[in-house]
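Here is what each chain is made of, one letter per residue.
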Amino acid sequence: MDTGGPPRPPARAALRQLPGLLALAALFLWQASYYWHAVIDDAYISLRFADMVASGHGFVFNEGGPRVEGFTNFLWVVAMVPVLWLGGDAMFWAKLLGLACALGTMAVAWRFAALLRGREDALNLAAPAFLAVNASFAHWALMGLETPLAALLVCATYWRAVREFDDRRALLASPVLAVLAAMTRIDALYFMSPLAGYMAWLLARDRTLWRRVGAWALLAAIPFAAYYGWKVAYFGDWLPNTYYAKQRLVDIRADRPMGLSHLGHFFLRQTPPVPAPGAGAAATAGWLLRGGPAPSFWWFNWWLLSALALLAQPRAARLLLLAPTALLAYYLWHVDGDWMPNFRFQQVALPFLAVAGAVALGAALEEAVRARRWLAGPVAGLGVLALAGVAQEQFRFGYLYIFGPDPIDMPREAGWWRAAFVRERLAEGFHGPLNEVSEHLLLHTRDGAAIFMSDIGQPLWFARHLSLLDGCGLCDPYLGHAPSVRGDLPTAEELYARQLRDWGRTEEQLSGAERDFARASAKRREFEAHLSRNCEYVLGEARPEYLLIFLQHDDGDPARAAYPYPEIAARIHESPLRRDNYRFLWRAPKTDRVWNTLYARSDVPEGVPDAVRAARLEEAMRRNPRMFSLVSLAVGELRRMTDARAAARLRTAVGERTPRILRSRRATVELAYASHEAGDHGFAARLLAQATESRPRDWELWQLRADAHWRADERPPAIESLRLAASIAPKDQAPALRAILAGYLETEGDQDGALDELLRAAEAFPHDPRLWGNLAATTHRFAAAPEIDRARRELLVRRALDAYRRQVALLPEPLRAAPAARIAELERQAEWLGKLRAESEARD
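Please read all numbers here as calculations on a predicted model, not as lab measurements.

Engineer: So what exactly am I meant to see when it comes to helix α4 (residues 74-85) here?
Structural biologist: Note that an α-helix has 3.6 residues per turn; residues three or four places apart therefore point the same way. For α4, which comprises twelve residues, the first-to-last C-alpha distance of 17 Å matches the rise-based estimate of 16 Å (1.5 Å per residue) to within 8%. In this structure, the buried residues of α4 make contact with α3 (43-54), α5 (90-117), α8 (147-166), α9 (174-184), α12 (210-235) and α23 (458-462). Note on α4: the residue one or two positions beyond its end, Gly-87, has a positive phi of about 80°.

Following this line, the structure appears as structure tokens:
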């Protein structure tokens, strides 16, 4: 049956494009390597749920706690269970799975473009090319969350559905994909809703069979109903607990400021930051060429022109490419954006924008050929230029946080694309987002205790011994649900009705502004009641052993007044029950002006036994073998341990992980500094000795090794290491190293060696007066020592005199006075010493 779709291209023709697809996959992996080290805190929430399932406790956040759907990614959590059950590195495998899903999305976009265009040519590769160069697509492939899996399944469902209704002989796989997408994220149903309209359109035009649509619906409905029925029976809720916790906050912000800002920045403002004052004409010109203050030129035109071109196409299948993006716009506004960087919620629309661009480019090329065949080359060239422009705009930023109209834009480091940079990123391990607070809770809280806090991912992944009262309500069925949902407080609708009765008016008698005010007021009063009830519950009934509250100090000084947030934490912090029953324990910076502040209940003893801390650290290192900061933490803890058995156990665990750390220069340096802080300079020296064996031309490592040997009182190795560092260092760095080496040699009593090193530094930069001045001052100081003989003193005086003269010749006139005075003094000494020598020779 003809569905009005394009003719299907021969499958063998696609094989000719595989080399291009593989090249784009390599390009994507190269770009994604920039984010290999990065971790998002929320990923550990899913991993903790998976850990509880793997341990046999079910879908709970706290061992022995209530069942709660504190996640929106059921299928992703389930996928992590086997990894944890087998004892694998969960974050590592989550990243690999994310990469695989992203590569799968690129392949699906390629095939979707071919299907919609009805052609097998190189233009189909424009879709995966757009994804390969997109920074946010690469970023979210490696964050350990379900985002890439959800994008893959939604796009694959569209692709298969269009193909299956175009060819009734095709096996119905799209309903299965649709169910898997909904199990990954329930909001996938929202983004797949246009498929229902597409099927209705086909039926209305007699382009498909009722029985095929019915079969599709049954294949989707039966497994989804089974899953959803189990979910409701298991958790006791129709929607995830996170919905109840988050939507209440969104509802009281009717203007949705973050959502609007996300829309503006995603569609219009993926631009470089304004050049800083004094950046130079080249930087300013480059900024203007990239769009300047106007919308991001290439990105903006890619999606806009693609949308306009698709609107001119008659086929409903092509209009399906625009529907997910249109739905995304409302979704972003409704949920009020996202605090996470790099457009997380927009990932579901990226494959459709990519395919839309490829289809639109193909349509433009066909029109050009019809008009004038010679136009095909310029149109294809413009498409390549557009992709290159998108790549240039995407490759310049690393992280973009949008909390309002002015984003926090963190560009990539210089040289991020070089092979050496990529190798180091792949080796340096994972950087936890909340290391300091996570490590403190791991080592300084009691077994079996409860804690009230809001940043619950990495801290509770590390501190498995703690149970949680979730300040945001995501993983707590009591704190997450509004009391009105439980029926023990009036709902916002009831409060709205009371407001109208108090005013003595009906809803029809209100103006639009009055109606909006009354509804907003009712929602706020309901939220206030929710806060009060939850505060009473936390402090009056649950009474957790610890409270971790964010305190914001506008001047950045933690000793001055501050205000706590979020609002539930503010209520708890200001409550008399908190002031009377909890004592301050610890604080650490969260951001520039915000501090994590830990309070302990007054009856909770301080301190954790060495054996317990060692066991926790060992387990944390085993579960997170690429979180090298834990090894540095363990080295620091060794100094504080008095239990010899616990210390020996921990030292063995550190030694087992040292070879992996040595693969990363950054991790090696961090561990060496941690060893210095712990007073174990010998360990730092041995570590850096191994590091320089694998990186013999890294002068900075040789310098650090020299410092470690010196601190460990290993003088000859320190001098030799620093001498080698000075010999291989860049020319502009060598003088500073030779000055340090001179200090080492002087300490060892080798004055001539020290002066030789300072002379080498000065001769390497003969026009630098500071180096000659350093040589002169050191030589002068040696000459003033009372214990040297007269002949050596005369030699040193003359060498100092020569160095000072070289310095004065290089200094501007106003700065010559001080060294000129020293020259005069030294000339008198030299004359006097010369006379003494002459008299001595005459007597002889």
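From this point, the narrative continues.
Engineer: Any chance you could explain the nonpolar core here in plain terms?
Structural biologist: Inside soluble globular proteins, nonpolar side chains tend to come together where they are buried. If you look at the biggest cluster of nonpolar residues, it comprises 196 residues, and the most contacted ones within it are Phe-28, Phe-112, Phe-130, Val-154, Leu-321, Val-355 and Leu-630. For this core, the element with the most residues is α5, which contributes 15 residues. Excluding residues that lie within four positions of it along the chain, Phe-130 makes contacts with Trp-299, Trp-302, Leu-350, Leu-353, Ala-354, Leu-387 and Val-390. Among the nonpolar cores identified, the runner-up in size contains 39 residues, and Leu-722, Phe-782, Ala-800 and Ala-803 belong to it.

Engineer: Quick question: what am I supposed to make of the pairing of strand β7 (residues 582-589) here?
Structural biologist: The two faces of the sheet receive side chains in turn, since in a regular strand these alternate between them. Summarising the sheet, β7 and strand β8 (residues 594-601) pair through seven bridges and their orientation is antiparallel. Residue pairing across strands places Arg-587 opposite Thr-597, the latter belonging to β8. Between β7 and the antiparallel strand that follows it, β8, lie four residues.

Engineer: Can you walk me through unusual backbone geometry in this structure?
Structural biologist: Glycine aside, a negative phi is what most residues show, and trans is what most peptide bonds show. In this structure, the amide linkage connecting Tyr-565 to the following residue, Pro-566, adopts the cis form with an omega of -5°. Examined against the element boundaries, Pro-566 turns out to sit in the loop between β6 (563-565) and α28 (567-574). Of note, Asp-206 is a non-glycine position whose phi angle comes to about 55°, a positive value. Even without being a glycine, Arg-543 presents a positive backbone phi close to 45°. Checked against the element boundaries, Arg-543 lands in the loop between α27 (512-542) and β5 (546-552). With a relative accessible area of 35%, Arg-543 lands in the partly exposed category.

Engineer: Could you clarify how one ought to interpret the packing of helix α40 (residues 790-810) against helix α41 (residues 817-843) in this entry?
Structural biologist: In helix packing, the relevant descriptors are the interaxial angle and the interaxial distance, both defined with respect to the helix axes. Orientation of α40 relative to α41, taken along the N-to-C sense of each, is 150°, at an axis distance of 9 Å. It follows that α40 is roughly antiparallel to α41 by the angle criterion. Between α40 and α41 the crossing geometry is left-handed.

About the cut-offs
Residues numbered from 1 in each chain as written. Predicted model: local features only at pLDDT ≥ 70, side-chain atom pairs only at ≥ 80, totals over all residues. Heavy atoms only, no water. Helix = DSSP H or I, 4+ residues; strand = E, 2+ residues; numbered from the N terminus. Expected span 1.5 Å × (residues − 1). Contact = heavy atoms within 4.5 Å. Core = buried A, V, L, I, M, F, W, Y, C linked by side-chain atoms within 4.5 Å. Buried < 20%, exposed > 50% of the residue type's maximum accessible area, 1.4 Å probe, protein only. Pairing = 2+ DSSP bridges. Axes fitted to C-alpha atoms, helices over the stretch in contact; angles between N-to-C directions. Parallel < 35°, antiparallel > 145°, perpendicular 65-115°, else oblique. Left-handed = near helix turned anticlockwise from the far one by under 90°.

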